[in-house]
Amino acid sequence: MTEASMPSRIIIGCDHAALRLKETLKTALEAKGIAVTDVGTHSEASMDYPDTGKIVAEKISSGEFTHGILLCGTGLGMSMVANKYPHVRAALCNDLFSAAMSRRHNNANILVLGGRVIGDILALEILNTWLETPFEGGRHQRRLDMFDTI
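Since we're looking at a predicted model, the values are computed, not measured.

(A) Region of interest: helix α2 (residues 49–61). Helix length check: α2, at 13 residues, gives a terminal C-alpha distance of 18 Å against a target of 18 Å (1.5 Å per residue), a fit within 8%. Looking at α2, one finds that the buried residues are T52, G53, V56, A57, I60 and S61. Projected down its long axis, α2 shows its buried positions confined to an angular sector of 160°, all on one face. Those residues of α2 that are buried lie in contact with β1 (9–14), β3 (68–72), α3 (76–82) and β5 (110–114).

(B) Geometry of the packing of helix α1 (residues 19–31) against helix α5 (residues 120–132). Remark: α1 packs on α5, axes separated minimally by 10 Å, with the N-to-C direction vectors making an angle of 45°. The orientation of α1 with respect to α5, classified from their angle, is oblique. In this structure, the crossing between α1 and α5 has a hand that is right-handed. Note on element contacts: α5 touches α1 through D120, A123, L124, L127 and L131, opposite R20, L21, T24, L25, A28 and L29. Split by residue class, the contact of α1 with α5 holds eight nonpolar, one polar and two charged.

(C) Spotlight on the environment of G68. Residue placement: G68 occurs in strand β3. When its relative accessible area of 0% is taken as the criterion, G68 is described as buried. Spatially, the C-alpha atom of G68 lies 20 Å from that of I121, the residues being 53 residues apart in sequence. G68 has contacts with I10, I11, V56, I60, N109, I110, L111 and W130, leaving out every residue within four places of it along the chain.

(D) Expanded view of the packing of helix α4 (residues 96–104) against α5. Between α4 and α5, the least distance of the axes is 8 Å, while the angle of their chain directions is 25°. Classified by the angle their axes make, α4 and α5 are roughly parallel. Considering how the two elements wind past one another, α4 and α5 form a crossing that is right-handed. Across from L96, A99, A100, S102 and R103 in α4, the residues of α5 making contact are L122, E125, I126, T129 and W130. For the contact of α4 with α5, the per-class residue count stands at six nonpolar, two polar and two charged.

What counts, and at which threshold
- Residues numbered from 1 in each chain as written.
- Predicted model: local features only at pLDDT ≥ 70, side-chain atom pairs only at ≥ 80, totals over all residues.
- Heavy atoms only, no water.
- Helix = DSSP H or I, 4+ residues; strand = E, 2+ residues; numbered from the N terminus.
- Expected span 1.5 Å × (residues − 1).
- Buried < 20%, exposed > 50% of the residue type's maximum accessible area, 1.4 Å probe, protein only.
- Arc of directions from axis to C-beta.
- Contact = heavy atoms within 4.5 Å.
- Axes fitted to C-alpha atoms, helices over the stretch in contact; angles between N-to-C directions.
- Parallel < 35°, antiparallel > 145°, perpendicular 65-115°, else oblique.
- Left-handed = near helix turned anticlockwise from the far one by under 90°.
- Nonpolar A, V, L, I, M, F, W, Y, C, P; charged D, E, K, R; others polar.

Below you can see the structure in the form of structure tokens.
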């Protein structure tokens, strides 16, 4: 995505294990002028991550939001929940290459991060890469169209 095509709004959610990282990412997104809809959690009290993952994935699946971010301890659980929904392409990214390729070839619409896996600096770099990398389309779109037949 070029700066001009960066989303104007993003929905974000996390579990208790990634609350601090969620707050860091929210601040960075808002500094870029991106409106953030935060669906929780808002506490470090233990909670069930599928509850939050479901909210974000449903909003992406329905088209209410075009881009979302989910965070949990490892990112694995949130990825599994989100990818059960039609039209959701949630990508767990722990490095810059995965973040770029998730957008470039897979047009990922949910970025998933593990709050206990990566630090703030890397998470911010992954976020920026994910936001700034455009989808290439072409043969990749044909492949993504195949997702809807599964």
